[in-house]
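Each chain, letter by letter, is given below.
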Amino acid sequence: MAIRRLLNLSSRRSHSSAATTAASLSPPPPSSSSTTMMYDRVADTVKSKIKRLETPDSRFLRYTSPHPICADHSSILSYPETRVTTLPNGLRVATESRLPGCAAAVGVWIDSGSRFESDAANGVAHFLERMVFKGTEKRPDGVLMEEIGSMGGRLSARTSREHTAYCAEVMDENVPKALDVLSDMLQNSCFREDQMERERDLILQQIKEAEGPSKEIILDHLHATAFQYTPLGRTVVGPVKNIKTIYKSHIKDYISAHYAAHRMVISAAGAVKHEDIVEQVKKTFTKLSANPSTACQLVAEKPAVFTGSEVRIIDDDLPLAQFAVAFEGASWTDPDSIALMVIKLMLGSWNKKAGGGKHMGVAINEIAECITAFSTNYKDTGLFGIYAVAKPDCLDDLAYAIMSEINKLSYRVSKEDVTRARNQLKSSLLLHINGLTPVVEDIGHQLLTYGRRVPFAELFARIDAVDSNTVKRVANRFIFDRDIAIAAMGPIQGLPDYNWFRRRTYLLRY
């Protein structure tokens, strides 16, 4: 029986192997693809790919998407972020948090300065800036500064033609106290008569000491002649006759007219939290003026008008002559303001005592003691020019060298000089905000000027867009055959006259 079963199994295996061999040798069934056209197969392939895109593998959707989208990188480009909150009364609060630190700076920027004064009240803004440090109803004379000193902080203030700023630098735990001190100074100052008389004498003494030749005095004379009969031509300190007649009523009127909430920016930087600063400002800055007039409205009522003119103060007792030559420049919001900054650095500066720096001309060190290019911007205009100091017998040669280099900008500009100036401008902007107080000032200034904080990525892109063709175009707009303003002081008999300078703003080409 066993032998018979083994024979049956072997016969079954031989039949199954023969069937498998026959199946393998038989021809394959006809494929459906052989009967379709080529473009149908391509269409099927495309459809399958589209189907895979519509239902992609979830592993690849963790950080991205297969569909193209418009990405917003503004948060990266604007780092560190400046957060801005506008309160119901128009007061703006702006902060730049750097929480790993332990120090902070807070400041109040006001869109008001000597430009917004009347002729009779010229000097009130500067007088007010000094008087707010003399005590309040809550903090009498001496207590205010002692309180800041006990916190290890510092208070500072400055007034310009268009802005006024107050700033405090303290440790992070003392930020609420610093804001309380600043709000108390600006809202509750006493302005006692005895303190005003004492401060008046100090201002008059400083005016008398500053009557000598200096760059600030020359630039004040330059503004007075370039913007004559307009508010921008007034000085920040004011004339002596006005200082003698400024009283408490003048200061109170100025505060109610210009220290309005919508013309102020509270800025903070360092170890601060935006929400905490906003809540603190809501509690402390509650007595600000509600005058609806804006700085732009006041500027439009009395705009600055540039006048080609000169002022010369001859003083042969001085050893050196000083003079400034300027053209009408660009406003803060003018698209060519960045190009003028680049041109300013192309002209450069040089000081004989320092013995270095980029300067104009080849032998400038033989005829000049000091030379500096400047570009000053305002809301509706500006001043662009050069300030120089030289010996009396070198004035003619120095004037020729200056006008030759300025005039050359309209015709011939090298790419190397433009590149160098762009790099210098970017590095100077970065070095300028090295610290908390400069950052606070930059935030307040830009919000008052541009209405926003301009990111450095955007600012550098605007600088990099300036090339040699841009420089020549801007020079033709602001320099070529344009009126100039001149201010000179000292032994200046050798300085050429106004018409000589005016004729050298252009070249005759035949």
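It should be emphasised that the depicted structure is a prediction, and the values quoted were computed from it without experimental measurement.

K.L.:
Looking at this model, I keep getting lost on a nonpolar patch on the surface. Mind explaining?
P.N.:
A cluster of nonpolar side chains, Met38, Val42, Val46 and Ile50, forms an exposed patch at the surface whose accessible area comes to about 360 Å². Mapped onto the elements of the fold, valine 46 is located in helix H2 (residues 38-54). Using a relative accessible area of 41% as the deciding quantity, one classes valine 46 as partly exposed.

K.L.:
So what exactly am I meant to see when it comes to the environment of valine 93 here?
P.N.:
In this fold, valine 93 is placed in strand S2 (residues 92-97). With relative accessibility at 0%, the residue valine 93 sits in the buried group. Once the C-alpha coordinates of valine 93 and arginine 83 are considered, the two residues, ten residues apart in sequence, prove to be 8.1 Å apart. When sequence neighbours within four positions are dropped, the list of residues in contact with valine 93 reads Arg83, Val84, Thr85, Leu87, Ile266, His274, Ile277, Val278 and Val281.

K.L.:
Would you explain the confidence of the model for the protein chain in this entry?
P.N.:
The predicted coordinates should not be examined in detail at positions where pLDDT is low. Looking at the protein chain, pLDDT values average 86 and 85% of them are 70 or higher. Overall, residues 14-33 carries pLDDT values under 50, and its contacts beyond four positions in sequence, including any with other chains, amount to one contact.

K.L.:
Looking at this structure, how should I read the packing of helix H13 (residues 337-347) against helix H18 (residues 468-478)?
P.N.:
Helices that pack against each other are described as a pair by the angle of their axes relative to one another and the distance between those axes. Between H13 and H18, whose axes approach to 10 Å, the crossing angle comes to 95 degrees. The angle between H13 and H18 places the two elements in the roughly perpendicular class. When H13 is examined against H18, the residues Ala339, Leu340, Ile343 and Met346 are found in contact with a partner set consisting of Thr470, Val471, Val474, Ala475 and Phe478. Partitioned by chemical class, the residues of the contact of H13 with H18 number eight nonpolar, one polar and no charged.

K.L.:
I tried to follow the packing of aromatic side chains on my own but got confused; where do I start?
P.N.:
A ring pair, where both rings are aromatic, is described by two values, the distance of the centres and the angle of the planes. Taken as a whole and assessed by the stated rule, the structure comprises five aromatic pairs. With a centroid separation of 6.1 Å and an interplanar angle of 65 degrees, the aromatic rings of tyrosine 254 and tyrosine 259 are classed as edge-to-face. Each member of the pair tyrosine 254 and tyrosine 259 is classed as buried. Relative to phenylalanine 460, the ring of phenylalanine 456 has its centre 5.8 Å away and its plane inclined at 70 degrees; by these criteria the two rings are edge-to-face. With phenylalanine 456 and phenylalanine 460 both in helix H17 (residues 456-464), this residue pair falls four residues apart, about one helical turn. Assessed through its relative accessible area of 25%, phenylalanine 456 is described here as partly exposed. Here the basic side chain of arginine 200 rests over the ring of tyrosine 247, its NZ or CZ set 5.2 Å away from the ring centre. Here the basic side chain of arginine 263 rests over the ring of phenylalanine 116, its NZ or CZ set 5.3 Å away from the ring centre.

Calculation criteria
Residues numbered from 1 in each chain as written. Predicted model: local features only at pLDDT ≥ 70, side-chain atom pairs only at ≥ 80, totals over all residues. Heavy atoms only, no water. Patch = residues over 30% accessible without salt bridge, like charges linked within 9 Å, V, L, I, M, F, W, Y side chains within 5 Å. Areas by Shrake-Rupley, 256 points an atom, 1.4 Å probe, with all protein chains shown as cover. Salt bridge = Lys/Arg side-chain N within 4 Å of Asp/Glu carboxyl O. Helix = DSSP H or I, 4+ residues; strand = E, 2+ residues; numbered from the N terminus. Buried < 20%, exposed > 50% of the residue type's maximum accessible area, 1.4 Å probe, protein only. Contact = heavy atoms within 4.5 Å. pLDDT = per-residue confidence, 0-100. Axes fitted to C-alpha atoms, helices over the stretch in contact; angles between N-to-C directions. Parallel < 35°, antiparallel > 145°, perpendicular 65-115°, else oblique. Nonpolar A, V, L, I, M, F, W, Y, C, P; charged D, E, K, R; others polar. Phe/Tyr/Trp six-rings, centres within 6.5 Å; stacked < 30°, edge-to-face > 60°. Lys NZ or Arg CZ within 6 Å of the ring centre and 35° of its normal.

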